[in-house]
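Topology and contacts: notes
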Number of protein chains: 2
Amino acid sequence: MKRVAVIGIGQTKFDEHWSKSLRDLSTEAGSLAVHDAGVNPKEIKALFIGNMSAGRFVSQEHLSSLAADQSGLLPIPATRCEAACASSALAFRQAYMSILSGQHDIVVAAGAEKMTDMRGESASAALMAAADQEWESAMGLTFVGLYALLTQAHMQRFGTTREQLALVSVNNHRNGALNEKAQFPFEITIEQVLKSPMIADPLRLLDCSPITDGAAAVILASEEAAKKFDNHNPIWIEGSGQASDSLALHDRQSLTEMLATKAAVKTAYEQAGMGPKSIDIAEVHDCFSINEILAIEDLGFCRKGEGGSFVEQGRIARNGEMPVNTTGGLKSIGHPVGATGVRQIADLVKQLRGDYGSLQVRGARTGLALNVGGSGATAVVHILRSDG
Amino acid sequence: MKRVAVIGIGQTKFDEHWSKSLRDLSTEAGSLAVHDAGVNPKEIKALFIGNMSAGRFVSQEHLSSLAADQSGLLPIPATRCEAACASSALAFRQAYMSILSGQHDIVVAAGAEKMTDMRGESASAALMAAADQEWESAMGLTFVGLYALLTQAHMQRFGTTREQLALVSVNNHRNGALNEKAQFPFEITIEQVLKSPMIADPLRLLDCSPITDGAAAVILASEEAAKKFDNHNPIWIEGSGQASDSLALHDRQSLTEMLATKAAVKTAYEQAGMGPKSIDIAEVHDCFSINEILAIEDLGFCRKGEGGSFVEQGRIARNGEMPVNTTGGLKSIGHPVGATGVRQIADLVKQLRGDYGSLQVRGARTGLALNVGGSGATAVVHILRSDG
């Protein structure tokens, strides 16, 4: 199979951006990626952008052509992909497949979301469109409520503790404290998590990723095209997997594992010819603390039910055996829902290049990203690797 | 390059479906396509669905996994694509590229929209999210208003007449009168068009495609996989092109041509090794009558400015030299915005199979579909061909 590389990355600061619009953020991230790659924008042949709900957040659908226009890339094909919080991992995957297909050789994949400009409804209400409207949203459930149910099930079945959950947030904030792009770049303590306001029992405020504005973009190139660019070592896409599950929790076969994650990572491992032991670092989808524990288990980093103690033993720390969310995760960096998938890829690329400054995990050569949509109805896994 | 075929098609009736939900419609179209292909659902490896704005129409994003679940296709990858009214041509194109990429061999591409369940705002307001929010929608423009501006420009520059515009709708209704899936399956006269209520000068009610609920789906297969299915002759995808332009009309280089259409069809013609003379029939995007005239010109069926007389001379009629919208077009069939692109493909496939009953255009072997998003900011062209 042909090889495809990531040759450029860009990310805005994740924050509440009161002075920047969705189009400003998208263009900023794209420009940074173009500059990082050293590519002439005229060489970019297609654009893929992940966005969950700009139609509701800022009354703007059709973001694909808008982003191409604002970035000076007309008349290239521009495609928006959406699968809730996994939207931009999907955009990245379509970008990857478009190069494998031979239709394009250099493309940009981006993700963007502007969540703080809501009028007339709350961001939480808009986000609930990612759950099952007829069976969940219309009944008054919220996402933290859905994840609280998953948390209760995991605690009951495996004895996962409230402290272990808190340690997920503590770990991610410890890393994010060093990340200048993070919305909340500071450390937190286990006590702070345990004393933060209850949102949906047992999840507290500091178990939850925030409402965020931001964008990220990466430039992908075919092996042949990548040779022309020497700003950085190319980082290769070794595996790509995507899978689906029911939107509604009541239809799931299991509440203590995410079957979509398991199916997606199986495909990605097979394609990469690797297993979990080959992964040096991982970016996983900690929209709520429980989801990082589920991810660690379902990706095969530890056995099912042992995610809580895996975290407690410090094995996900930057100097642990399996560093997870080494740049802060959704919790500390922030979670502009449609941007997170590509932000994860950009962070992995920076780690695998080996030039992440104080955030660098030494010797990391193979990284995995898991982006999850909704309460687990979409999972997208990518495995990246540096030759260098 | 590898060849990809369409081996199955399905479409719901396009209508106001007060007793069917978005998930009902999606599943119905998908089931029809699966049955038509004679494929075992277990052989389908991925789903791509076009939808413009279910988030606003029915408060449901994340339609991709929902459709996969409702169709019994879990855990396959499921991806929603959006570019306003061109959403499902994009889904079809991603499906096509996913097979070319070697990631999948049999996939389903669908489109669905449920537009009649709006609460709290009009469908027209939701549709305006496909235009430029900052420069157009927020100023009170509507889509018929935007297309009225394009119409005025065309009339002024080329002398296109009100009667020529009306004849677009007359032609499409003449064809649609024979289409049992059409929302408005009856003929109309030029007098009826000219006396229908003014919506945005010079466009009248019968120049405008309607608000519609509906879904369509097609099954795509690699050449090798297509050989296993003998329900029908496979219909081959010979060319695929997509291009973008600015959302806002004021940024366009021209108001009398759609540069995105010209760029998209150039790519598709080159890939297919054909020009407009090789096309036997075309499905084009007549959201408003002017857009069919623009399409005829920009696709190269006649010279720029001569679209009006081309229509007037009956050359787009079913027995004309270049039959256009032979099954009714958006005007007569209806326009569930996210479904139209795949509906066009399904109709072309039926024509190219040669089994469309009273709608059949005899001897049609090569067909072109043009799906347009917004006021022309996205254009997607596919060229299909029958070997038989």
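Residues numbered from 1 in each chain as written. Chains lettered and ligands numbered in written order. Predicted model: local features only at pLDDT ≥ 70, side-chain atom pairs only at ≥ 80, totals over all residues. Heavy atoms only, no water.

Before going further, it helps to spend a moment on the interface of chain A and chain B. At the interface, 61 residues of chain A touch 61 residues of chain B. Carbon and sulfur atoms make up 46% of the area that chain A and chain B hide from each other, which totals about 4400 Å². Run the count over chain A and chain B and you get 6 salt bridges. With its nearest N and O atoms 3.1 Å apart, the salt bridge here joins Asp132 of chain B to Arg23 of chain A. Across the chain A-chain B interface, the total number found is 42 residue pairs in polar contact (both at pLDDT 80 or more). Listing elements by their share of the side of chain A that touches chain B, those giving two or more residues are helix H2 (54–57), helix H3 (63–70), strand S3 (78–82), helix H4 (87–100), strand S8 (235–244) and helix H10 (259–272) of chain A. With 7 residues, the top contributor of residues to the side of chain A that touches chain B is H4 of chain A. Among the residues forming the side of chain A that touches chain B, the class breakdown is 26 nonpolar, 23 polar and 12 charged. (Contact = heavy atoms within 4.5 Å. Buried area = accessible area lost by both parts, 1.4 Å probe. Salt bridge = Lys/Arg side-chain N within 4 Å of Asp/Glu carboxyl O. Polar contact = N/O pair within 3.5 Å; in protein donor to acceptor, adjacent residues only side chain to side chain. Helix = DSSP H or I, 4+ residues; strand = E, 2+ residues; numbered from the N terminus. Nonpolar A, V, L, I, M, F, W, Y, C, P; charged D, E, K, R; others polar.)

Here chain A sits on chain B after a turn of 180° about the axis and a move of 0.0 Å along it, with an RMSD of 0.0 Å. One copy is carried onto the other by what is essentially a two-fold rotation axis. Closest approach to the rotation axis among the C-alpha atoms of chain A is made by Ser101 of chain A, whose C-alpha sits 1.8 Å away. Both copies contact each other with a shared surface, as 100% of the interface residues of chain A are interface residues in chain B too. (Least-squares fit on C-alpha atoms with pLDDT ≥ 70 in both.)

We now examine helix H7 (residues 162–176) of chain B. Residue and element names in this part refer to chain B. Between the first and last C-alpha of H7 there are 22 Å, a value that for 15 residues agrees with the 21 Å anticipated at 1.5 Å per step. Counting buried positions along H7 yields 12 of 15 residues, so the element is predominantly enclosed. Among the residues of H7, Arg162, Gln164, Leu165, Ala166, Val168, Ser169, Val170, Asn171, Asn172, His173, Asn175 and Gly176 are the ones counted as buried. On its buried face, H7 is in contact with helix H6 (143–158), helix H8 (190–195), strand S6 (203–204), helix H11 (289–298), helix H12 (307–312) and helix H13 (329–333). (Expected span 1.5 Å × (residues − 1). Buried < 20%, exposed > 50% of the residue type's maximum accessible area, 1.4 Å probe, protein only.)

This paragraph deals with the pattern of salt bridges. Residues and elements named next belong to chain A. For the structure on display, the rule yields 45 salt bridges over all chains. Two residues, Asp347 and Arg343, come together in a salt bridge whose shortest N-O distance is 2.8 Å. Of the two residues, Asp347 and Arg343 both sit in helix H14 (residues 340–353), 4 residues apart, roughly one turn of that helix. Each member of the pair, Asp347 together with Arg343, is buried. Sharing partners across several salt bridges, the network here consists of Arg3, Glu223, Glu238 and Asp387.

Here we come to the side chain of His104 of chain A. Looking at where His104 of chain A falls in the secondary structure, it is placed in the loop between H4 and strand S4 (106–113). Polar side-chain contacts of His104 of chain A include one of 3.3 Å to the side chain of Arg93 of chain B. Ignoring anything within four residues of it in the chain, the contact list for His104 of chain A reads Lys45, Ala46, Pro77, Ser98 and Ile99 of chain A together with Arg93 and Met97 of chain B.

This part takes up H11 of chain B. Residue and element names in this part refer to chain B. Within H11, 10 of the 10 residues are buried, which leaves the element mostly enclosed by the surrounding structure. Those residues of H11 that sit buried are Ser289, Ile290, Asn291, Glu292, Ile293, Leu294, Ala295, Ile296, Glu297 and Asp298. Along its buried surface, H11 packs onto H6, H7, S6, helix H10 (259–272), H12 and strand S10 (366–373). Just beyond H11, the residue with positive phi is Gly300, at close to 90°.

As a further point, take the pairing of strand S11 (residues 378–386) of chain B. Residue and element names in this part refer to chain B. With 8 of its 9 residues buried, S11 lies for the most part within the structure. Across 9 bridges, the pairing between strand S8 (residues 235–244) and S11 is antiparallel. Following the sheet pairing, Gly241 is matched in S11 by Val381. Note: S10 against S11, 8 bridges, orientation antiparallel. Residue pairing in the sheet places Asn371 in a bridge with Val380 of S11. With antiparallel pairing between neighbouring strands as the criterion, S10 and S11 make up a hairpin whose turn holds 4 residues, including Gly374 at a positive phi of roughly 65°. (Pairing = 2+ DSSP bridges.)

As a further point, take the environment of Ser98 of chain A. Residue and element names in this part refer to chain A. Structurally, the position occupied by Ser98 is in helix H4. In this structure Ser98 comes out as buried when scored by relative accessible area, which is 0%. Here the alpha-carbon distance between Ser98 and Ala46, two residues 52 residues apart in the chain, equals 8.7 Å. For Ser98, the side chain forms a polar contact with the main-chain oxygen of Ala95, separated by 2.8 Å.

What follows is about unusual backbone geometry. Omega for the peptide link from Leu74 of chain A to Pro75 of chain A comes to 5°, which places this bond in the cis form. With respect to the element layout, Pro75 of chain A can be found in the loop between H3 and S3. Cis geometry marks the peptide bond from Asp201 of chain A to Pro202 of chain A; its omega dihedral reads 10°. One can find Pro202 of chain A in the loop between strand S5 (198–200) and strand S6 (203–204). The phi torsion at Asn325 of chain A lies on the positive side, around 50°, for a residue other than glycine. Tracing the backbone through its elements, the reader meets Asn325 of chain A in the loop between helix H12 (307–312) and helix H13 (329–333). Unlike most non-glycine residues, Ser59 of chain B shows phi in positive territory, near 60°.

We now examine the domain arrangement of chain A. A common way to express how large an interface is: the accessible area buried when the components associate. All names here are of chain A. Along its sequence, chain A is carved into domain 1 (4–118 + 211–235) and domain 2 (140–208 + 237–386). Placing the centre of domain 1 and that of domain 2 at their C-alpha centroids yields a distance of 23 Å. Facing 46 residues of domain 1, the contacting portion of domain 2 comprises 39 residues. Between domain 1 and domain 2, a total of about 3200 Å² is buried, with carbon and sulfur atoms accounting for 62% of that surface. In terms of surface lost to domain 2, no three residues of domain 1 exceed Phe14, Cys85 and Ile235, which account for 23% of the buried area on that side. For the pair domain 1 and domain 2, the number of links is 1 salt bridge. Measuring nitrogen to oxygen at the nearest pair gives 2.7 Å for the salt bridge that ties Arg353 to Asp36. (Domains from an automatic or database assignment.)

Inspection of the entire model under this criterion finds 4 aromatic pairs over all chains. An angle of 35° between the planes, with centres 5.0 Å apart, marks the rings of Tyr147 of chain A and Phe288 of chain A as tilted. With Tyr147 of chain A in helix H6 (residues 143–158) and Phe288 of chain A in the loop between strand S9 (281–283) and helix H11 (289–298), this residue pair connects regions lying 141 residues apart in the sequence. Judged by centre distance (5.9 Å) and plane angle (55°), the ring pair of Phe184 of chain A and Phe186 of chain A falls under tilted. Overall, Phe186 of chain A belongs to the partly exposed group, its relative accessible area being 40%. Its end group placed over the ring of Trp236 of chain A, Arg3 of chain A keeps NZ or CZ at 4.2 Å from the ring centre. Between Lys114 of chain B and the ring centre of Trp18 of chain B, over which it is positioned, the NZ or CZ distance is 6.0 Å. (Phe/Tyr/Trp six-rings, centres within 6.5 Å; stacked < 30°, edge-to-face > 60°. Lys NZ or Arg CZ within 6 Å of the ring centre and 35° of its normal.)

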